[in-house]
Amino acid sequence: MPNWCSTKYAIEGPKEEIKNLYDKIQEWTSKEYKKSDFGLNWLGNIVLGAGLDYNKTPCRGTLTYAETVDGYEEDNLTLSMETETAWTDCTTMWEQIVKKYAPHSSIYYQAEEPGCEYYVTNDADGRYYPEKYIIRTYVDDEKAPKTELEKAILKAFPEEETSYYDKDDLENELREVFHDKESTLSKLIAK
């Protein structure tokens, strides 16, 4: 059984391209189109619908969410999607599909597979996914956290195991936890 990688995608471009791409994805995941026994939202259905070879294009997973929202520019739309895939993201298939069906559009993504400590994004400017740091913590007994960092994480996020931060937020949080106003972020993380 694989570890599951959750990936968020934002495909931004001209309204007509994005609407066309969204409509095609809806068609390729509909009951009328069903091409496999893996379920309607199997990524292989999308790959097949796009005219790609699912034996050569990684597509082991499912589409869990898709909708269009207004883009940053007036004449743009953004297709927002989420997938669950085995071990890693399947971004190559989306890049091929965007190149073919929405060539004037840009694709941004953020993927996380916590079991293998895999975190990746191509959104360097933080347009859609501004988080740059991830903190993973687990405390066996919530009543007895062992470190100051565990205490701070439990206080800030009592029911979550994953917290995303941008650089400044993470640095400020760690400075407060360690009562250290002078160390660099890398030194604070090493504590």
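Residues numbered from 1 in each chain as written. Predicted model: local features only at pLDDT ≥ 70, side-chain atom pairs only at ≥ 80, totals over all residues. Heavy atoms only, no water.

A. Geometry of helix α1 (residues 15-28). Between its terminal C-alpha atoms α1 stretches 20 Å, which fits the 20 Å expected from 14 residues at 1.5 Å a residue. For α1, the set of buried residues is Glu17, Ile18, Leu21, Ile25 and Trp28. Buried residues along α1 cover an arc of 95° about the axis, so they all sit on one side. Where α1 is buried, its residues contact β1 (4-14), α2 (43-49), β2 (61-70), β3 (76-86) and α3 (91-101). (Helix = DSSP H or I, 4+ residues; strand = E, 2+ residues; numbered from the N terminus. Expected span 1.5 Å × (residues − 1). Buried < 20%, exposed > 50% of the residue type's maximum accessible area, 1.4 Å probe, protein only. Arc of directions from axis to C-beta. Contact = heavy atoms within 4.5 Å.)

B. View of the packing of α1 against α3. Two elements in contact, α1 and α3, have axes whose closest approach is 10 Å; the angle formed by their N-to-C orientations is 125°. By the angle class used here, α1 and α3 are oblique. For the element pair α1 and α3, the recorded crossing hand is right-handed. Counting all contacts with α1, which are made through Glu17, Asn20, Leu21, Lys24, Ile25 and Trp28, the residues of α3 involved are Trp94, Ile97, Val98 and Tyr101. For the contact of α1 with α3, a count of residues per class yields seven nonpolar, one polar and two charged. (Axes fitted to C-alpha atoms, helices over the stretch in contact; angles between N-to-C directions. Parallel < 35°, antiparallel > 145°, perpendicular 65-115°, else oblique. Left-handed = near helix turned anticlockwise from the far one by under 90°. Nonpolar A, V, L, I, M, F, W, Y, C, P; charged D, E, K, R; others polar.)

C. Looking closely at the packing of aromatic side chains. Tallied over the full model, the rule gives seven aromatic pairs. Taken together, a centroid distance of 5.5 Å and an interplanar angle of 70° make the contact between Trp28 and Tyr101 edge-to-face. With a gap of 73 residues between them, Trp28 in helix α1 and Tyr101 in helix α3 connect regions that are remote in the sequence. Of the residues examined, Trp28 reaches a relative accessible area of 4% and is grouped as buried. Taken together, the ring pairs in this structure connect Tyr9, Trp94 and Tyr109 into an aromatic cluster. (Phe/Tyr/Trp six-rings, centres within 6.5 Å; stacked < 30°, edge-to-face > 60°.)

D. Structural detail: unusual backbone geometry. One non-glycine residue, Trp87, adopts positive backbone phi at about 70°. One can find Trp87 in the loop between β3 and α3. Residue Trp87 is classed as partly exposed on the basis of its relative accessible area, which comes to 41%. Phi is positive for Glu117, which is not a glycine, with a value near 55°. Following the sequence through the fold, Glu117 ends up in the loop between β4 (106-113) and β5 (118-121).

E. Region of interest: the pairing of β3. Within β3, eight of the eleven residues are buried, leaving the element largely enclosed by the surrounding structure. Looking at chain direction, β1 and β3 are connected through eleven bridges and run antiparallel. By the bridge assignment for β3, Trp4 is matched with Ala86. One ladder, built from nine bridges, connects β2 with β3; its direction is antiparallel. Bridge assignment links Val69 to a residue of β3, and that residue is Thr78. (Pairing = 2+ DSSP bridges.)

By themselves, these are just geometric observations and shouldn't be taken as functional.
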